[in-house]
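# Structural overview for review
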Amino acid sequence: MAEFKVNYRMAVILKNQTSDELYSRLSAIGLTPRQARQVQAAALKTGFIPRQLPDIPMRLMEKLAREVMLPHLNLTGKVTSPADGFTKYVFSGAGAGLFEAVRIPLMAGEKYVVCVSSQVGCGQGCIFCRTGAMGYKRDLLTWEIVDQVVKIAADSDKRITGVVFMGMGEPFMNYERVLQAARIMCEPCGLAVSAKAITISTAGIIPGILRLADSGFPFRLIVSLTAADPAVRLKLMPVEKKYPLHELVQAIRAYCEKTKNRVTIAWTMLRGVNVHEKDARDLAALLAGLPVNINLIDVNDPVGRYLPPTDQERAAFRDYLRMHTGMPVKRRYSGGKDIHAACGMLAESL
Ligand code: SF4
């Protein structure tokens, strides 16, 4: 397709809508639903629209070229960990600031999951997270979120079978665009990621949890608790002030009841801070009766203020929860530490 002048106000921006929405926007020029899916597939699978597409007459292609624009992220850096094969991509987009996405190899590189960013920086200020230390810069646009996966898929030898919203930013502070991006990612004609393999992680933004429960979309939910004592949590995660633990647990319960899905509870382990038996006891009591899985994640603090737990602390914490809750508890591997791509390490740099 010929280059065209970018007009953000008027143009239909590809990667911003589903193929049904694309059809609604462009049916006036004669595009059919099937042709809209072809255009969508080209935009998401190959990243560009060719001059010709099967079943779309040349005249319609010319009209289309005047109506749409296909924006792209710029890849400003890429590095792969020699230790575990995690790859970090650094992008710039339509506005200020750099943001990062991580390709995670599964099954010895047989398939990939992509961890995407939803904001540049983050306003939640979790004290163990480098993105939090950056502060909030801006929300990413829908196409900027989708294009992280498009670009990484084009750079990959194996399929992208899952997406996690655990990169830079708090997804529920950019709710509309995150949900729209997730819907686009699971379109069968495009990236075709299963909706059940798309996971949204939150520090505990209650309105977002409740909206997701009501949305009807089967995306998975991870809630980062990290402390079950409000006073401890407040020190680690300022979000506790606005959305306190007891209300957060009610929201998780409502989500589980409405969706019939299990929620994953993330617990970032900090040596000597939240890994005592009392912490495990508080957590077990807080989550009693809820259908949850618990993921234990070692803190990754490149400046060394917080250390990961000792093997003894980690094992004792895990064993207490297994013995007293019956909930599935597992340690989640957070890779790419050597390239600053692990959980909590993304901060506009290579
Ligand atoms: S852990 Fe997540 S919510 Fe907390 S500061 Fe980092 S990016 Fe934001």
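Only a predicted model underlies this, so the values are computations on that prediction, with no experimental measurement involved.

## What to know about the site of the ligand
- The environment of the ligand is formed by C122, Q124, G125, C126, C129, G132, G169 and A203.
- Split by residue class, the shell around the ligand holds four nonpolar, four polar and no charged.

## Focus on the pairing of strand β10 (residues 198-202)
- Counting buried residues along β10, five of its five residues qualify, which places the element largely inside the surrounding structure.
- Both faces of β10 are covered, namely the face carrying I198, I200 and T202 and the face carrying T199 and S201.
- In this sheet, β10 lies alongside strand β9 (residues 160-165) in parallel orientation, the contact comprising three bridges. Looking at the pairing, F165 lines up with I200 of β10.
- Each parallel crossover has a hand, and the one from β9 via helix α6 (residues 175-185) to β10 is right-handed.
- Across four bridges, β10 lies against strand β11 (residues 220-224) in parallel orientation. Of the residues in β11, the one forming a bridge with T202 is V223.
- One crossover worth recording links β10 to the parallel β11 by way of helix α7 (residues 206-215), and it is right-handed.

## Topic: the packing of helix α11 (residues 277-287) against helix α12 (residues 311-325)
- Taken N-terminus to C-terminus, the directions of α11 and α12 make an angle of 35 degrees; their axes are 9 Å apart at the nearest point. Note that α11 runs across α12; the crossing there is right-handed. Contacts between α11 and α12 involve E277, D279, A280, R281, L283 and A284 from the former and F317, Y320, L321 and T325 from the latter.
- Classifying every residue of the contact of α11 with α12 gives six nonpolar, one polar and three charged.

## Thoughts on the packing of aromatic side chains
- Inspection of every chain in the model, using the stated rule, returns six aromatic pairs.
- Between Y89 and F91, the ring centres sit 6.2 Å apart and the planes meet at 5 degrees, which makes this aromatic pair stacked.
- Here Y89 falls in the buried class, since its relative accessible area comes to 1%.
- Here W267 and F317 contribute two aromatic rings whose centre-to-centre distance is 5.4 Å and whose plane-to-plane angle is 35 degrees, an arrangement assigned as tilted. Highlighted residues: W267 in strand β12 (residues 263-269) and F317 in helix α12, separated in sequence by 50 residues.

## Quick notes on unusual backbone geometry
- The residue K15 is not glycine, and still its phi comes out positive at about 75 degrees.
- By secondary structure assignment, the location of K15 is in the loop between β1 (12-13) and α1 (19-26).
- Residue classification places K15 among the buried residues on the basis of a relative accessible area of 0%.
- Phi is positive for A192, which is not a glycine, with a value near 55 degrees.
- One can find A192 in the loop between α6 and β10.

## Concerning the sheet that holds β10
- With respect to topology, ten strands assemble into an open sheet ordered β3-β4-β5-β6-β9-β10-β11-β12-β13-β14, the strand pairing being mixed. The strands lining the two open edges of the sheet, one partner per strand, are β3 (74-80) and β14 (329-331). Along the sheet, successive strands turn relative to each other by an average axial angle of 25 degrees, direction set aside.
- Strands β12, β13 (292-298) and β14 of the sheet are contacted by α12, whose axis makes an angle of about 160 degrees with β14.

## A look at the domain arrangement of the protein
- With domains assigned, the protein is organised as domain 1 (12-69) and domain 2 (74-339).
- The C-alpha centroid of domain 2 is placed 34 Å from the C-alpha centroid of domain 1.
- Taken together, the contact between domain 1 and domain 2 spans 15 residues of the former and 13 residues of the latter.
- Both faces combined, the contact of domain 1 with domain 2 buries some 1,100 Å², and carbon together with sulfur accounts for 57% of it.
- Three residues stand out in domain 1 for area buried against domain 2, namely K15, N16 and L44, and they jointly supply 50% of the buried area on that side.
- Where domain 1 packs against domain 2, one counts two salt bridges.
- For the salt bridge of R183 with E21, the shortest nitrogen-to-oxygen distance reads 3.4 Å.
- If you look at where domain 1 meets domain 2, you find seven residue pairs in polar contact (both at pLDDT 80 or more).

## Remarks on the pattern of salt bridges
- A full pass over the atoms with the stated rule returns 19 salt bridges.
- Measuring nitrogen to oxygen at the nearest pair gives 2.8 Å for the salt bridge that ties K78 to D155. On the criterion of sequence distance, the pair formed by K78 in strand β3 and D155 in the loop between α5 (142-154) and β9 is long-range, its members being 77 residues apart.
- For K78, a relative accessible area of 40% puts it in the partly exposed group.

## Quick notes on α5
- For α5, with 13 residues, the first-to-last C-alpha span of 19 Å sits near the 18 Å given by 1.5 Å per residue.
- Most of α5 is tucked away, with ten of its 13 residues classed as buried.
- Where α5 is concerned, the buried positions are T142, W143, E144, I145, V146, D147, Q148, V149, V150 and I152.

## Some words on the side chain of N174
- Positionally, N174 belongs in the loop between β9 and α6.
- Relative accessible area serves as the criterion here: at 4%, N174 is assigned to the buried category.
- With near-sequence residues (within four places) excluded, N174 lies in contact with S118, Q119, D139, L140 and I145.

Reading guide: rules and limits
- Residues numbered from 1 in each chain as written.
- Predicted model: local features only at pLDDT ≥ 70, side-chain atom pairs only at ≥ 80, totals over all residues.
- Heavy atoms only, no water.
- Near = heavy atom within 4 Å.
- Nonpolar A, V, L, I, M, F, W, Y, C, P; charged D, E, K, R; others polar.
- Buried < 20%, exposed > 50% of the residue type's maximum accessible area, 1.4 Å probe, protein only.
- Helix = DSSP H or I, 4+ residues; strand = E, 2+ residues; numbered from the N terminus.
- Pairing = 2+ DSSP bridges.
- Right-handed = clockwise from strand over helix to strand, strands pointing away.
- Axes fitted to C-alpha atoms, helices over the stretch in contact; angles between N-to-C directions.
- Left-handed = near helix turned anticlockwise from the far one by under 90°.
- Contact = heavy atoms within 4.5 Å.
- Phe/Tyr/Trp six-rings, centres within 6.5 Å; stacked < 30°, edge-to-face > 60°.
- Domains from an automatic or database assignment.
- Buried area = accessible area lost by both parts, 1.4 Å probe.
- Salt bridge = Lys/Arg side-chain N within 4 Å of Asp/Glu carboxyl O.
- Polar contact = N/O pair within 3.5 Å; in protein donor to acceptor, adjacent residues only side chain to side chain.
- Expected span 1.5 Å × (residues − 1).

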